[in-house]
Amino acid sequence: MSRILIVEDEEVLTDSLRDILEGEGHQVLTAQNGLDALGTIARERLDLVLLDLMLPLVNGLKVLEAVRRDAPSTAVIVVTSCGREALEGQPVQGFLRKPFSLEALLGAVKHVLTPASPVPR
């Protein structure tokens, strides 16, 4: 079971994503603004952050910087209505542009959370 933080200010989308990911067996935490996300990232061990970029209080790029600094092994999938250029060159493990399909979401999450197979010697 993976621990996933959803950082999204649209409550309906947050609830839908949480229901879907919990249905897939993941433990899900949520934050509705960047400030709450920063607190959760500082206190919790997370496997994945689903991160919107346009957030109240602290924007998503600042949250992404904190993940990279404080939890570098945590994967990040950006889910946003912005284009990829909004990342300003920041590396992420996945990028989904809203609106996205359920299949795209589940595929991205599975891809990021599935450990890579060891290379045969």
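Visitor: Help me out: how do you make sense of the packing of helix α1 (residues 11-23) against helix α4 (residues 102-113) in this one?
Guide: Two packed helices can be described by the angle between their axes and the distance between those axes. Two elements in contact, α1 and α4, have axes separated by 12 Å at closest approach and are oriented at 55 degrees. With respect to α4, the axis of α1 lies oblique. In terms of crossing hand, the pair formed by α1 and α4 is right-handed. Contact residues: Leu-17, Ile-20 and Leu-21 in α1; Leu-102, Leu-105, Leu-106 and Val-109 in α4. Its residues placed into classes, the contact of α1 with α4 shows seven nonpolar, no polar and no charged.

Visitor: When you look at helix α2 (residues 34-43) in this model, what are you seeing that I'm missing?
Guide: Quick reminder: α-helices carry 3.6 residues per turn. Residues three or four places apart thus point the same way. Buried within α2 we find Gly-34, Ala-37, Thr-40 and Ile-41. Buried residues along α2 cover an arc of 115 degrees about the axis, so they all sit on one side. Structural note: α2 exposes Ala-42 and Arg-43 on the side pointing more than 90 degrees away from its buried face. Against β1 (3-7), β2 (27-31) and α3 (60-70) lie the buried residues of α2. Between the side-chain oxygen at the start of α2 and the backbone nitrogen of Leu-35 there is a gap of 3.0 Å, and the oxygen is on Asn-33.

Visitor: Help me understand the sheet that holds β1 in this model?
Guide: Strand pairing in a sheet is mediated by backbone hydrogen bonds. Such pairs are either parallel or antiparallel. Ordered by their spatial adjacency, five strands build an open sheet running β2-β1-β3-β4-β5, and the pairing between neighbours is parallel. Edge strands, defined here as strands with exactly one partner in the open sheet, are β2 and β5 (94-97). Each adjacent strand pair in this sheet contributes to an overall mean axis angle of 15 degrees, direction not counted. As paired elements, strand β4 (residues 75-80) and β5 share four bridges and run parallel to each other. Each bridged residue has a counterpart across the sheet, and for Ile-77 the counterpart in β5 is Gly-94. Contacts from α2 reach β1 and β2 within the one sheet, and its direction differs from that of β1 by about 165 degrees. The strands touched by α3 are β3 (48-51) and β4; relative to β3, the strand with the most contacts, the crossing angle is about 170 degrees.

Visitor: I keep staring at the nonpolar core and nothing clicks. Help me out?
Guide: Among the nonpolar cores identified, the biggest contains 21 residues, and Leu-5, Val-49, Leu-51 and Val-76 are the most heavily contacted of them. Of all the elements in the fold, those that place two or more residues in this core are β1, β2, α2, β3, α3 and β4. A total of four residues in this core trace back to one element, the largest contributor, which is α3. Beyond its immediate stretch of four places on either side in the chain, Val-76 contacts Leu-48, Val-49, Leu-51, Leu-64, Val-67, Arg-68, Val-92, Gln-93 and Gly-94. One finds Ile-6, Leu-17, Ile-77 and Leu-96 within the second-largest nonpolar core, a separate group that totals 15 residues.

Visitor: Help me out: how do you make sense of the packing of α2 against α3 in this one?
Guide: Between α2 and α3, whose axes approach to 9 Å, the crossing angle comes to 5 degrees. One finds that α2 runs roughly parallel with respect to α3. Note on element contacts: α3 touches α2 through Lys-62, Val-63, Ala-66 and Val-67, opposite Gly-34, Ala-37, Leu-38 and Ile-41. A breakdown of the residues in the contact of α2 with α3 according to their chemical character gives six nonpolar, one polar and one charged.

Reading guide: rules and limits
Residues numbered from 1 in each chain as written. Predicted model: local features only at pLDDT ≥ 70, side-chain atom pairs only at ≥ 80, totals over all residues. Heavy atoms only, no water. Axes fitted to C-alpha atoms, helices over the stretch in contact; angles between N-to-C directions. Helix = DSSP H or I, 4+ residues; strand = E, 2+ residues; numbered from the N terminus. Parallel < 35°, antiparallel > 145°, perpendicular 65-115°, else oblique. Left-handed = near helix turned anticlockwise from the far one by under 90°. Contact = heavy atoms within 4.5 Å. Nonpolar A, V, L, I, M, F, W, Y, C, P; charged D, E, K, R; others polar. Buried < 20%, exposed > 50% of the residue type's maximum accessible area, 1.4 Å probe, protein only. Arc of directions from axis to C-beta. Polar contact = N/O pair within 3.5 Å; in protein donor to acceptor, adjacent residues only side chain to side chain. Pairing = 2+ DSSP bridges. Core = buried A, V, L, I, M, F, W, Y, C linked by side-chain atoms within 4.5 Å.

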